[in-house]
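What follows is each chain in one-letter form.
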Amino acid sequence: MSIAEVATSLLRTEETFSAYLARINNVILQPLLQSGSFENSDLFLLLNNHFQVLWGLTEENCRTLKEAFSASESVSVQDVYLVWKADLFLDRYIQYFSTFATCAVLQGFEHAAKNKSEVWKSHKPALQQFLADFSLDASIAVALHTVLHKPFRDQLQQYSLIFSKLEGAAGQCPESEAIADATQKFAKLLSFVSQVLDEACLTRSLWKSLGHKFTDVLCIAERRLLEDSRNLTVYASTGRSDRVLLFNDILVLIQGSNFRSLDLKLVWVDVAERDVGKYALRIAAPEEEFFLLAKDLKARAVWQWKLNQAVRQALNGKRDFPLWSRDGDGSDPPHCRHFSFTFRAEGRLKNAVYDGEWCLGRPHGKGTLTWPDGRNYVGDFKEGLAHGFGIYLVPCVSEDHYDCYKCHWQEGKMSGYGICEYGNETVYKGYFKDDMRQGFGILEKASSTKHSFKYTGHWENDKRSGYGIWDDKERAERYIGMWHEDQRHGAGIVVTQSGACYQGTFHSDTMVGSGTLLLEDDSVYEGNFTADLTFVGKGKLTFPNGFTLEGTFSNRSSQGLHTQGILNTSGEQQDEHMAKLQLGQKEFPVEMRWEGLLNQFLEYIRLGCQGDMEEAFTGFHVQTSKELRKSQEYLFCQRENEEVPGKVDVLEDIIAHQEEETLQSYLERAFQNSLHPLGKLLKALTLAFQATYSTIGANKHLLNMAQEEVKHYAQKIWEVYLGFLHLASERKGQAYAEDLENSGLNGPSAVLPLILPSFYPDLFMLYMLYHEKEDDLYCQGIVDLSQETDVKLLEFLDVRKHFWPLKDLTLTKHQRRSLVKDRCFLSATDCLRNLITTVDPQEKLDILQKTYDEIAKTISRLLGEEFNPSMDDLLPLLMYVVTRARIQRLGAELHLIRDLMDPTTSGGMYDFLLTALESCYALIQKEIQYHQSWHASQDS
Amino acid sequence: MMAIRELKVCLLGDTGVGKSSIVCRFVQDHFDHNISPTIGASFMTKTVPCGNELHKFLIWDTAGQERFHSLAPMYYRGSAAAVIVYDITKQDSFHTLKKWVKELKEHGPENIVMAIAGNKCDLSDIREVPMKDAKEYAESIGAIVVETSAKNAINIEELFQGISRQIPPLETHENGNSGTIKLGKQTAQTTRRCC
Ligand SMILES: Nc1nc2c(ncn2[C@@H]2O[C@H](COP(=O)(O)OP(=O)(O)O)[C@@H](O)[C@H]2O)c(=O)[nH]1
Ligand SMILES: [Mg+2]
């Protein structure tokens, strides 16, 4: 057969069909539409529209094909419009049949048949005659049904025939692909049509068989029955369920005269665990979970497949084409879906609205949960519970105030690090567990408000408990010590603004028994006293001059202090130790002071440094709470994908820099990086340190606590570092940090200078306070000696004449050698002055070593030979240099170096030089007496 | 692997008794009658084997001048041993030695090893302090005693060997070095590994 012949046969069937459509139009549709309205008559209006379009299409195509024949001798594939207009055909037929199916489902043909209008009645004979061609003894309704669909289906069959002929006729040609494509489309259309009709038929009979109670609610135009447990048996596990019906949009469970329906968009289906039943499917929906139990594997498979297809199509908002097919878009519906839902069941979610991501019938992913009472949660969910990061707003009794929790959640409970801005203007930044403050945290009421305070310390069950620092801004006092159930309880130190401080034992927020009170004038009182530092009861007062007053004290109002006791003026008690008494070291062992904070970091490592857990353990990486305060939406939408510059894989990075040479610079960078766990740890420790020793806490009696704390930090930070390294090497399958251990590196000593800058200002302040008196004396000594000329000073200090570097001096005309000042040992003096330019104790020691070298160099140059000073010579020379260097606060410097230098070098050269410098410092303090008597002896 | 132990040793005694000369002899095996001011030694080290350990002596000399005497505590602080020197030709220097011992007992580190050196034994013909007195005194305070001569290199090595022997051996558990070296506590003896 040639293409022309195929085209001819196409034209013939189209003409026949067109003629037929004309008859339907005349005999059925037009009379029906003119007969006025009846039940569902508007459906026929719609059907007629689609019919007219289809008819028009057919006519139009006849015409163009005829034109083609008359225009040219040979007809080509191009002229067979079916191939090129396949989509148009498909579209028209789908519309027609969809509407037809709705008509069928809603028993439109029965209604039409029963139409009582005059026009229709008078038309009936002609109609019956026409219908007789189709079915002899059926009712009008059945006949209408048949007439309005069968010819269309037949025509589609004809098209299929034409296509197979066309394929044969065209053979291998450029158009064969298009032909094959169109062929397939028409095949699909055919199966679509038969599926639509089957579905309609099933649905129609279902509606007919169900009582009004059901159909009144369930029967809607577009709804189709997809599966019925009467057809393929399943039982629902919820109570007695008689019947399970799967529609294209809902799943219905019928129980007696009741039914429940589930929106398919909110339904998840998966194979249930074995113990539920052999062939069970789990059906999950919001507030709903049950099982469908099938008889066999096959039945379950069919239900599962149909359910999943139905859910997916419901989610897509349109049916597949064809409706069911194993191929094509037969994938399962997405596990994660986004929609809004209002909870109805009793419980904590009653009437709450959840808008967000779901999985298996439960909020899962990101979402917003809003309660009618104004509470709301925005953030991460897992299996229905808050889990991950989330912001929870709770309105307070007074309007416009909210408690705002920005924190990490675990299984619905606040857990890990969080920030809570309470409605009462207090802010908590710290750790939670089971919805309660637990571990380390800072609670602060802004200083601009009434009764402002700040607590930095440990929590247990939402209450202050354990070691903690409390600033009472109103009383201008700081409490450093133990807490229990929100009260000061146990050992504690109170430091006041004036500089006085006391240590004692607290019970239920007040001090009990006797304590030690250290007054700002260095007198010490041991005994009973009140919170406003009034002596009451037995006590012993030691004055700075060593006098003691021991007895019973009382304070009658406005009459001043009364005492009955013994005044001891022997001065035996005078004791440097008392004036510099160090508090707290024994009562608050350094290991327990910030345990709650350090443990979070160690725990984070212990659990394997899971990325999503980092914040929960190590705190937020935002610098300020202002940043965090940015809108909730911001946090909700973007937090996850935030690409933070400078964020690196800690473990990868740590392993790349474990060599001793790169370790230092690595650690340095880590400490400066607010995103790095080590940087965060340092930042947090700095806050804790400042909370204790800054401002009011700058008290000389706390020096030892502070310095041992800094050293402890270095040790713990090193421990944390090793923890990371250990984990990283484990992951890499490398031997753990062996190189590092064999190198003999003293980790904490390497860390200390790197973290010291963070603590230095506060720590140095303590050293300064501690040495205030000595530094004053030293300063006087320096001022006194500074007046001497170089020659006089060398002479006074007993520097051996050989070593006087006067040869060095180039004098101007007006200068006399004996009168110059500040011209000797300049290189050494300049060098020593650098002592205050660094915070690193080791660097300070290096400066000292260099100073020593410079002295030796100056003298070797002078004498022209190697110089190695003996002790007899070294001290006078060093005295000279120290005097000329005029370093401020030398006592504080020396003590700091001594406390923080690498203890493994003790006894060595550095220790020796430091001791020599300490000697000079001690001597200069006493110098005034010597100096004056020396002058006296010189003058005489 | 041999453990090195660092032992701080300070020298005490009257000026002129030969403290610096003893150090010089011990460390550099050198003695100069007219001791040059340019080859002094204020801090020196020398390592000697002792059993299966190495002892590294960190030797701190002290200044002789009177005005510096009050500083002595800074120098003997943290010492494992003190060498207290007197001049056998000067009774006064023996008297000063006793004062040093007393001070060490009161203010010195606990368990400090004390070694008494009666120096300039080459000048025994002008001796003022009988050997017996020194022996008895040393015994009474539980100290080592030897008569030495820095000049003729007599008993100098022995003096330090004597100290080594008095140092208690290392406790084994200190060896378990797990990367958490304690910061803080000043110890008289620090341990390091060599090789
Ligand atoms: N004869 C003799 N003279 C010595 C001996 N040791 C030191 N001297 C001399 O004693 C003087 C003081 O010695 P020195 O080491 O400076 O004593 P120091 O002040 O204790 O350090 C120097 O002249 C030395 O030469 C010794 O063993 N025998
Ligand atoms: Mg000397």
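Nothing here was measured: the structure is a model prediction, and the numbers come from that model. Sequence order sets the numbering: in each chain, residues are counted from 1 along the sequence as written. All chains are assigned letters beginning with A, and all ligands numbers beginning with 1, in the order in which they are written. Local features are withheld for residues below a pLDDT of 70 in this predicted model, meaning they are given only at 70 or higher, and side-chain atom pairs are given and counted only at 80 or more; totals for whole chains, interfaces and linings count all residues. Processing note: side-chain calculations cover all non-hydrogen atoms of the structure and skip hydrogens and water entirely.

## Focus: the overall build of chain A
Then comes step 1: Helix numbering and strand numbering both begin at the N terminus, where a helix is a DSSP run of H or I of at least 4 residues and a strand a DSSP run of E of at least 2. Secondary structure summary: chain A contains 30 helices and 27 strands in total.
Then comes step 2: Since a compact globule built from 940 residues should have a radius of gyration of about 30 Å, the 47 Å found for chain A marks it as more spread out than a globular shape.
Then comes step 3: The C-alpha extent of chain A, read off along each of the three principal axes, is 160 × 75 × 50 Å.
Then comes step 4: When accessible area is computed with a 1.4 Å probe and restricted to protein chains, residues below 20% of their type maximum are described as buried, those above 50% as exposed, and intermediate ones as partly exposed. Looking at the 940 residues of chain A, the share that counts as buried comes to 53%.
Then comes step 5: Across chain A, the fraction of contacts at a sequence separation of at least 24, relative to all contacts at a separation of at least 6, is 53%.
Then comes step 6: Using the Shrake-Rupley algorithm and a 1.4 Å probe, accessible areas are obtained, with residue cover drawn only from the displayed protein chains. Here chain A has roughly 42,800 Å² of accessible surface; of this, 50% comes from carbon and sulfur atoms. Our radius of gyration looks at C-alpha atoms and nothing else; its globule reference is 2.2 Å times the residue count to the power 0.38. Working rule for contacts: check all heavy atoms of both residues, and any pair within 4.5 Å makes them a contact.

## Focus: the overall build of chain B
Then comes step 1: Tallying secondary structure elements over chain B gives five helices and seven strands in all.
Then comes step 2: Helices (α) and strands (β) of chain B occur, in sequence order from the N terminus, as β-α-β-β-α-β-α-β-α-β-α-β.
Then comes step 3: Counting all 195 residues of chain B, 50% fall into the buried class.
Then comes step 4: Excluding contacts between residues fewer than 6 apart, the proportion of contacts in chain B whose partners are at least 24 apart in sequence is 75%.
Then comes step 5: Of the roughly 9,500 Å² that chain B leaves accessible, carbon and sulfur atoms contribute 50%.

## Regarding the sheet that holds strand β8 (residues 288-294) of chain A
All names here are of chain A.
Then comes step 1: The criterion for strand pairing is that DSSP finds at least two bridges linking the strands in question. Taken in spatial order, the four strands make up an open sheet running β2-β8-β7-β6, and their pairing is antiparallel. The open sheet has two edge strands, β2 (234-236) and β6 (268-271), and neither has a second partner. Within this sheet the neighbouring strands show an average axis-to-axis angle of 25°, counted without direction.
Then comes step 2: Simply put, an axis is a line fit to the C-alpha atoms, just over the touching stretch for a helix, and the angle between two N-to-C directions goes from 0 to 180 degrees. Against the sheet, helix α11 (residues 297-316) makes contact with β2, β6, β7 (280-285) and β8, and its axis sits at roughly 25° relative to β7, the strand it touches most.

## Overview of the environment of A:Y422
All names here are of chain A.
Then comes step 1: Along the chain, Y422 turns up in the loop between β15 (413-421) and β16 (426-433).
Then comes step 2: Given the relative accessible area of 16%, Y422 is considered buried.
Then comes step 3: Separated by 23 residues in sequence, Y422 and K445 have C-alpha atoms that sit 9.7 Å apart.
Then comes step 4: Filtering out sequence-adjacent residues up to four positions away, Y422 remains in contact with Y402, D403, Y405, Y428, R437 and L443.
Then comes step 5: Here a polar contact means two N or O atoms within 3.5 Å. Within protein one must be a hydrogen donor candidate and the other an acceptor candidate, and residues neighboring in sequence count only if both atoms are side-chain atoms. A polar contact is formed between the side chain of Y422 and the side chain of R437, at a distance of 3.2 Å.

## A word on the confidence of the model for chain B
Then comes step 1: A residue's pLDDT is the confidence the predictor assigns to it, expressed on a 0 to 100 scale. With 86% of its residues at a pLDDT of at least 70, chain B reaches an overall mean of 85.
Then comes step 2: Taken together, the chains of this predicted complex give a pTM of 0.83 and an interface ipTM of 0.89.

## Looking at the interface of chain A and chain B
Then comes step 1: Counting residues at the interface gives 49 residues for chain A, matched by 35 residues for chain B.
Then comes step 2: Approximately 3,400 Å² of surface area, both sides summed, lies buried where chain A meets chain B, with 57% of it carried by carbon and sulfur atoms.
Then comes step 3: We count a salt bridge whenever a side-chain nitrogen from Lys or Arg sits within 4 Å of a carboxyl oxygen from Asp or Glu. Between chain A and chain B we count three salt bridges in total.
Then comes step 4: The residue A:E918 makes a salt bridge to B:R77 at a minimum N-O spacing of 2.8 Å.
Then comes step 5: Linking chain A with chain B are nine residue pairs in polar contact (both at pLDDT 80 or more).
Then comes step 6: Mapped by element, the contributors of at least two residues to the side of chain A that touches chain B are α21 (703-732), α23 (747-770), α27 (841-863), α28 (871-885) and α30 (909-939) of chain A.
Then comes step 7: Ranked by the residues each element gives to the side of chain A that touches chain B, the list is headed by α30(A), at twelve residues.
Then comes step 8: By residue class, the composition of the side of chain A that touches chain B is 23 nonpolar, 13 polar and 13 charged. Once two parts are joined, some of their accessible surface, as seen by a 1.4 Å probe, is lost; buried area is that loss totalled over both. Side-chain classes are defined by residue name, with Ala, Val, Leu, Ile, Met, Phe, Trp, Tyr, Cys and Pro counting as nonpolar, Asp, Glu, Lys and Arg as charged, and the others, Gly among them, as polar.

## Examining the side chain of B:S42
Then comes step 1: Relative to the helices and strands, B:S42 is located in the loop between α1 (19-28) and β2 (43-50).
Then comes step 2: If we ignore the near neighbours within four places in the chain, the residues touching B:S42 are A:Y852, A:P869, A:S870, A:M871, A:L874, A:F912, B:I59, B:W60 and B:D61.

## Details of the nonpolar core
Then comes step 1: Residues grouped as a nonpolar core are buried Ala, Val, Leu, Ile, Met, Phe, Trp, Tyr and Cys residues, joined through side-chain atoms within 4.5 Å. Counting residues in each nonpolar core, the largest one holds 107 residues, and the members touching the most others are A:I24, A:Y93 and A:F152.
Then comes step 2: Two domains share this core, each providing at least three of its residues, namely domain 1 (3-205) and domain 2 (224-334) of chain A.
Then comes step 3: Discounting chain neighbours no more than four positions away, the residues touching A:I24 are A:L29, A:F51, A:F130, A:V147, A:L148 and A:F152.
Then comes step 4: Core analysis: the second largest hydrophobic core is formed by 86 residues, A:L914, A:Y921, A:I924 and B:L104 among them. Each domain's limits were defined by an automated method or a database of domain assignments.

## Details of the packing of helix α19 (residues 660-672) of chain A against α21(A)
Residues and elements named next belong to chain A.
Then comes step 1: In the contact formed by α19 and α21, the axes pass within 13 Å of each other and the chain directions differ by 105°. Here α21 runs roughly perpendicular to α19, going by the angle between their axes. Residue-level contacts link L663, Y666, L667 and F671 of α19 to I717, W718 and Y721 of α21. When describing relative orientation, an angle under 35 degrees is termed roughly parallel and one over 145 degrees roughly antiparallel, while 65 to 115 degrees is termed roughly perpendicular and anything else oblique.

## Description of the packing of aromatic side chains
Residues and elements named next belong to chain A.
Then comes step 1: In summary, the pairing rule links any two rings of Phe, Tyr or Trp, Trp by its six-membered ring, whose centres are within 6.5 Å, and it sorts them by plane angle into stacked for under 30 degrees, edge-to-face for over 60 and tilted for everything else. This model, assessed by the stated rule, comprises 69 aromatic pairs over all chains.
Then comes step 2: On the basis of an interplanar angle of 85° and a centroid distance of 6.0 Å, the ring pair of Y405 and Y422 is categorised as edge-to-face. Of the two residues, Y405 sits in strand β14 (residues 402-410) while Y422 sits in the loop between β15 and β16, which places them 17 residues apart along the sequence. For the pair Y405 and Y422, one class covers both residues: buried.
Then comes step 3: Between Y479 and W483 the ring centres are 5.4 Å apart and the planes differ by 85°, which places this aromatic pair in the edge-to-face class.

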